[in-house]
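A look at the structure
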Amino acid sequence: MGFLGHLWTSGIQKECEYSMFLLQCSEVYFEGCLFYVLGTFLIFLLLSSLHRHNAWKSRIHNFIQSPLSWSKTSRQETNEIGLQAKSLETFLSQKCEQAFFRDFLKSEFSEENMDFWLACQEFKTFDSPEELRRRAASIYEEFIRPDSPKQVNLDFHTRESIRLSLQQASPSCFVVAQRKIYSLMENGAFPRFIQSEQYKALFSATSQPRGLGKHSKALKVKRGSSG
């Protein structure tokens, strides 16, 4: 029994020593993992900080190198707001806007509406009775008469009223018809024009800095002379 007890005690002691060894190894392994995780996290924070620093540095550099970009954006926004704020009558009274809008109407096969409206505007400027009669007859034949080359969309009553007034034509002869055609454009074609490619082209044209064309032309002439 003494010998067996000694062996049993010795075995337990060795098991305890082995368990302590494994525990120490586990502690060392755990500490190593902890240091690895902490080190990886610190490296991630450092790289993120450097990335944000470079991003801000790049933005500041671009701002310093291109100070006109902000003013250009502001100018474009101002031009767009200005164009949208204009009424149809303003578009019809300005040559550049008028040309772009007429191109759009032509794409919808309704440019006769603008032509009629402009003809009525011009008609109001005449004072001579003879000139009024002559111009009234011309407008009637071109836009009002059934099957006329540029017949506009007017009801029978309005057409007949104009026909009866031709012999005693006055500056107000086409006022009602002109108002109706204006309403057709204002409520129909004009809102579609604001969303069209023609409008985008107009916006692009009005966004160009003044004098840019002359400056480019001068550069071409200068390069040509130097060559």
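Numbering of residues starts from 1 in every chain and runs along the sequence as written. Since the coordinates come from a predicted model, pLDDT governs what is reported: local features require at least 70, and pairs of side-chain atoms require 80 or more to be given and counted, while whole-chain, interface and lining totals use all residues. Where side-chain values are given, they derive from all heavy atoms of the structure, hydrogens and water being excluded.

With that out of the way, let us pick up the overall build of the protein chain. By definition, any uninterrupted DSSP run of H or I lasting at least four residues is a helix, any uninterrupted run of E lasting at least two residues is a strand, and each is numbered from the N terminus. Summing up its helical and strand segments, the protein chain has 10 helices and 0 strands in all. Reading the helices (α) and strands (β) of the protein chain from amino to carboxyl end gives α-α-α-α-α-α-α-α-α-α. Relative accessibility under 20% of the residue-type maximum defines a buried residue, over 50% an exposed one, and the middle range a partly exposed one, all with a 1.4 Å probe and only protein chains included. By residue count, 24% of the 227 residues in the protein chain fall in the buried class. Residues count as neighbours in contact if any of their non-hydrogen atoms are within 4.5 Å of one another. A separation threshold of at least 6 residues defines the contact pool for the protein chain, and within that pool the share at least 24 residues apart is 62%.

With that settled, the discussion passes to the environment of Glu-112. Summarising the element assignment, Glu-112 is placed in helix 5 (residues 111-123). Excluding anything up to four places from it in sequence, Glu-112 contacts Phe-143, Lys-150, Gln-151 and Val-152.

Take the pattern of salt bridges next. A pairing counts as a salt bridge when a side-chain nitrogen of Lys or Arg comes within 4 Å of a carboxyl oxygen of Asp or Glu. Under the defined criterion, the tally for this structure stands at 11 salt bridges. Arg-135 is paired through a salt bridge with Glu-122; the nearest N and O atoms lie 3.5 Å apart. Placement of Arg-135 in helix 6 (residues 129-144) and of Glu-122 in helix 5 is noted, with a sequence separation of 13 residues between them. According to the relative accessible area criterion, Arg-135 is buried, its value standing at 18%. For Glu-122, a relative accessible area of 41% corresponds to the partly exposed category. Across the pair Glu-197 and Lys-200 runs a salt bridge whose closest N-O atoms are separated by 3.5 Å.

Moving on to the nonpolar core. Nine residue types can take part in a nonpolar core, namely buried Ala, Val, Leu, Ile, Met, Phe, Trp, Tyr and Cys, and a core is a set of them joined through side-chain atoms within 4.5 Å. Core analysis: the largest hydrophobic core is formed by 36 residues, its most contacted members being Phe-101, Phe-116, Ile-144, Phe-174, Met-185 and Phe-193. Listed by contribution, the elements that provide at least two residues to this core are helix 3 (88-93), helix 4 (95-107), helix 5, helix 6, helix 8 (175-194) and helix 9 (197-207). With near-sequence residues (within four places) excluded, Phe-116 lies in contact with Ile-139, Phe-143, Ile-144, Val-152, Phe-174, Ala-177, Gln-178 and Ile-181.

Positive phi outside glycine occurs at Phe-109, with the angle close to 60°. Locating Phe-109 in the fold gives a position in the loop between helix 4 and helix 5. Among the residues examined, Phe-109 registers a relative accessible area of 71% and is labelled exposed.

Burial in helix 7 (residues 156-164) covers these residues: Thr-158, Arg-159 and Ile-162. Buried residues of helix 7 fall within an arc of 100° about the axis and therefore sit on the same side. Among the exposed residues of helix 7, those pointing more than 90 degrees away from its buried face are Phe-156, His-157 and Leu-164. Turning to helix 7, the residues buried within the fold contact helix 6 and helix 8. Think of it as the arc spanned by the lines of direction from the helix axis to the C-beta atoms.

This part takes up the state of the cysteines. The disulfide criterion used throughout: a pair of cysteine sulfur atoms within 2.5 Å. This model, assessed by the stated rule, comprises 0 disulfides. The thiol of Cys-173 is not disulfide-bonded; the next cysteine sulfur, from Cys-120, is found 8.8 Å away. You can call Cys-173 buried: its relative accessible area is 12%.

This part is about the packing of aromatic side chains. Under the pairing criterion, centres of Phe, Tyr and Trp rings, with the six-membered ring standing for Trp, must be within 6.5 Å; the plane angle then separates stacked pairs below 30 degrees from edge-to-face pairs above 60, leaving the rest tilted. Per the counting criterion, the structure on display carries 11 aromatic pairs. An aromatic cluster is built from Phe-91, Phe-101, Phe-104, Phe-190, Phe-193 and Tyr-199, whose rings are joined through pairwise contacts.

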